[in-house]
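Summary of structural features
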Amino acid sequence: MATVLVIDDSPSEMAKFRDILAKNNFQILEATNGEQGCQMAADHLPDVILMDVVMPEMNGFQATRKITRGKTTAHIPVIMISTKNQETDRVWGKRQGAKEYMNKPVDENGLVHMIRKVME
């Protein structure tokens, strides 16, 4: 069973991800901010990370950069998921090391497909 670390500060978004991932047989780890997410990524080495962009303290771009450039975490694919839907956000996310960038609200089938794709 693949493990997905969800880093998102919104309780309602976290509940949505929890439902989708559990229904599709993923093990779920949860972090509510970028700093906590980076620590959990290093401690648990999940198979995939779903990263929100807009969060207090350390935003998703900063956390993605830290994870994708870390010695022990660089191999973990990050999918950024945000309400920020400008092309510049998408490009910046990829430049920080994200494998993919999706807009909220997420489509269940699209999200599951994207997770499986980046794990290949």
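Up top is the structure.
The following refers to the structure shown. If you're wondering where the values come from, they're calculated on a predicted model, not measured in any experiment. (Residues numbered from 1 in each chain as written. Predicted model: local features only at pLDDT ≥ 70, side-chain atom pairs only at ≥ 80, totals over all residues. Heavy atoms only, no water.)

1. Quick word on the overall build of the protein
Check the secondary structure of the protein and you find five helices and five strands. Going from N to C terminus, the protein has its helices and strands arranged as β-α-β-α-β-α-β-α-β-α. Here the C-alpha atoms of the protein give a radius of gyration of 13 Å, agreeing with the 14 Å that 2.2 N^0.38 yields for 120 residues. Counting across all 120 residues of the protein, residues that qualify as buried make up 50%. Sequence-distant contacts in the protein: of pairs separated by 6 or more residues, those separated by 24 or more amount to 61%. Averaging the coordinates of the 15 positive side-chain charges in the protein and doing the same for the 16 negative ones gives two points 6 Å apart. (Helix = DSSP H or I, 4+ residues; strand = E, 2+ residues; numbered from the N terminus. Rg over C-alpha atoms; globule rule 2.2 N^0.38 Å. Buried < 20%, exposed > 50% of the residue type's maximum accessible area, 1.4 Å probe, protein only. Contact = heavy atoms within 4.5 Å. Lys, Arg positive; Asp, Glu negative; His and termini not counted. Charge placed at Lys NZ, Arg CZ, Asp CG, Glu CD.)

2. Some thoughts on the sheet that holds strand S2 (residues 27-31)
Taken together, the five strands give an open sheet; going across it, the order is S2-S1-S3-S4-S5, and neighbouring strands pair in parallel fashion. The sheet is open, and its two borders are formed by S2 and strand S5 (100-103), each paired with just one other strand. Adjacent strand axes in the sheet meet at a mean angle of 20 degrees when their direction is disregarded. Where strand S4 (residues 78-82) and S5 come together, four bridges link them in parallel fashion. Following the sheet pairing, Ile81 is matched in S5 by Met102. Sheet strands touched by helix H1 (residues 11-23): strand S1 (3-7), S2, strand S3 (48-51) and S4. Its angle to S2, the strand with the most contacts, is close to 165 degrees. In the packing of helix H4 (residues 87-95) onto the sheet, the strands contacted are S4 and S5, and the crossing angle to S5 comes to about 145 degrees. (Pairing = 2+ DSSP bridges. Axes fitted to C-alpha atoms, helices over the stretch in contact; angles between N-to-C directions.)

3. Digging into H1
Between the first and last C-alpha of H1 there are 18 Å, a value that for 13 residues agrees with the 18 Å anticipated at 1.5 Å per step. Among all positions of H1, only Glu13, Met14, Phe17, Ile20 and Leu21 are buried. All buried residues of H1 fall inside an arc of 130 degrees around its axis, so they share one side. Exposed positions of H1 whose direction lies more than 90 degrees from the buried face are Pro11, Ser12, Asp19 and Lys23. In this structure, the buried side of H1 is in contact with S1, S2, S3, S4 and helix H5 (108-119). Looking one or two residues past H1, Asn25 carries a phi angle of roughly 60 degrees, positive in sign. (Expected span 1.5 Å × (residues − 1). Arc of directions from axis to C-beta.)

4. As for the nonpolar core
Core analysis: the biggest nonpolar cluster contains 20 residues, and Leu5, Ile7, Ile49, Met51, Ile67, Val78 and Met80 have the highest contact counts within it. Elements supplying a minimum of two residues to this core: S1, S2, helix H2 (34-44), S3, helix H3 (60-68) and S4. (Core = buried A, V, L, I, M, F, W, Y, C linked by side-chain atoms within 4.5 Å.)

5. With respect to the pattern of salt bridges
Counted according to the given criterion, the structure contains nine salt bridges. Residue Lys104 pairs with Asp52 through a salt bridge whose shortest N-O separation is 3.2 Å. Highlighted residues: Lys104 in the loop between S5 and H5 and Asp52 in the loop between S3 and H3, separated in sequence by 52 residues. Relative accessible area serves as the criterion here: at 15%, Lys104 is assigned to the buried category. Judged by relative accessible area, Asp52 falls into the buried class, the value being 5%. Connected via shared salt-bridge partners are Asp8, Asp52 and Lys104. (Salt bridge = Lys/Arg side-chain N within 4 Å of Asp/Glu carboxyl O.)

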